[in-house]
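Structure assessment
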Amino acid sequence: MCRSTRDIDLFFKSILSTKPYLRDPSLAPIPWTTESSFGFSPLRVGFMRHDGVVLPQPPMLRGLDTLRAKLEAAPGIDVVDFEGYKHDKGYDIIRELYWEDGGQRVRKVLLDGGEDAQPLTEWVLDPSHTSVHSAEEIFALRARRDAYRAEYAAAWHAANIDVLVCAPFGGTANPHETSKYWAYTAVYNLVDYPGVVFPTGLAADATLDAKTPRSQFLSESDEYNHSIYDAELYAGGPISLQLLVYRFDDSKLMGALKTIEAVLRS
């Protein structure tokens, strides 16, 4: 976590200058060249207003709409809609991957420490996603993960985008024990796409971001995310957005972020 794009750049340059891939064979020797890697002409920005499962709360939507308007007005940038690929399916897979042991290790640590699980921890360890897996079931789960990665890659390349902008979460800053949907980041952990969350300079506003009544929802998670939103309670929360690139395009991510930040400041 860094305070600026410059700090992220410095951090990665410093770490990668030590050539960690020579000590850890699991690492890929990817060059870090943010100054020269931004060669898109034009930059094609995919824009995902929601992931088909949860519609972000009003402050986040205002942040997305504000950035999109600025990007569309900026020279050298093409903005296209991007539809997230089956995020409900990806979220199910990664939640199962989190707890292949059925959550036994977490419960043992809590027991050894004499601590009770907090309500959100109990929810995370819900048995519908936390069964104990046999070796054969683990292999099958990894096969599902790899198949989903291939499907998402096909959707990404079919859209012909360089980067993707979306929400990092369903809202700005939820009250404790209410954060029950994090697929906006979890799915990209699953497919292993580099991402960065950046500030827009905007904040939730009780007047601008009033709660809009809804009678139809994308999912149960969407209905829940809508139900917990309170414009007065959320007021003042900083609005940040997420920028993503395809796997291994880490340095391109920083190059694109510099351009988008410049547009935001304009």
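The text that follows walks through the structure, step by step, so that each part is easy to find.

Criteria and cut-off values
- Residues numbered from 1 in each chain as written.
- Predicted model: local features only at pLDDT ≥ 70, side-chain atom pairs only at ≥ 80, totals over all residues.
- Heavy atoms only, no water.
- Core = buried A, V, L, I, M, F, W, Y, C linked by side-chain atoms within 4.5 Å.
- Buried < 20%, exposed > 50% of the residue type's maximum accessible area, 1.4 Å probe, protein only.
- Contact = heavy atoms within 4.5 Å.
- Disulfide = S-S within 2.5 Å.
- Salt bridge = Lys/Arg side-chain N within 4 Å of Asp/Glu carboxyl O.
- Helix = DSSP H or I, 4+ residues; strand = E, 2+ residues; numbered from the N terminus.

In this section: the nonpolar core. If you look at the biggest cluster of nonpolar residues, it comprises 63 residues, and the most contacted ones within it are Leu67, Leu71, Phe82, Tyr152, Tyr188 and Leu243. Once residues lying within four places of it in the same chain are set aside, the contact partners of Leu67 are Phe47, Val165, Phe198, Leu241, Ile260 and Leu264.

This part is about the state of the cysteines. Formally, a disulfide is one covalent bond, and it connects the sulfur atom of one cysteine to the sulfur atom of another. Within the structure shown, the criterion is met by zero disulfides. Sulfur of Cys2: no disulfide; nearest cysteine sulfur belongs to Cys166 and is 20 Å away. Judged by relative accessible area, Cys2 falls into the partly exposed class, the value being 39%.

Here we come to the pattern of salt bridges. Under the criterion given, the structure shown has 15 salt bridges. For Arg49, the salt bridge identified is with Asp65, shortest N-O distance 2.9 Å. In this pair, Arg49 sits in the loop between strand S1 (43-48) and helix H2 (58-73) while Asp65 sits in helix H2, placing the two residues 16 residues apart along the sequence. Given the relative accessible area of 39%, Arg49 is considered partly exposed. The shortest N-O distance in the salt bridge between Glu96 and Arg144 comes to 3.1 Å. One end of the pair, Glu96, is in helix H3 (residues 87-98); the other, Arg144, is in helix H6 (residues 135-159), and 48 residues separate them in sequence. Connected through salt bridges with shared partners, the residues Asp9, Lys13 and Lys258 form a single ionic network.

Bear in mind that shape data such as this cannot, by itself, settle questions of function.
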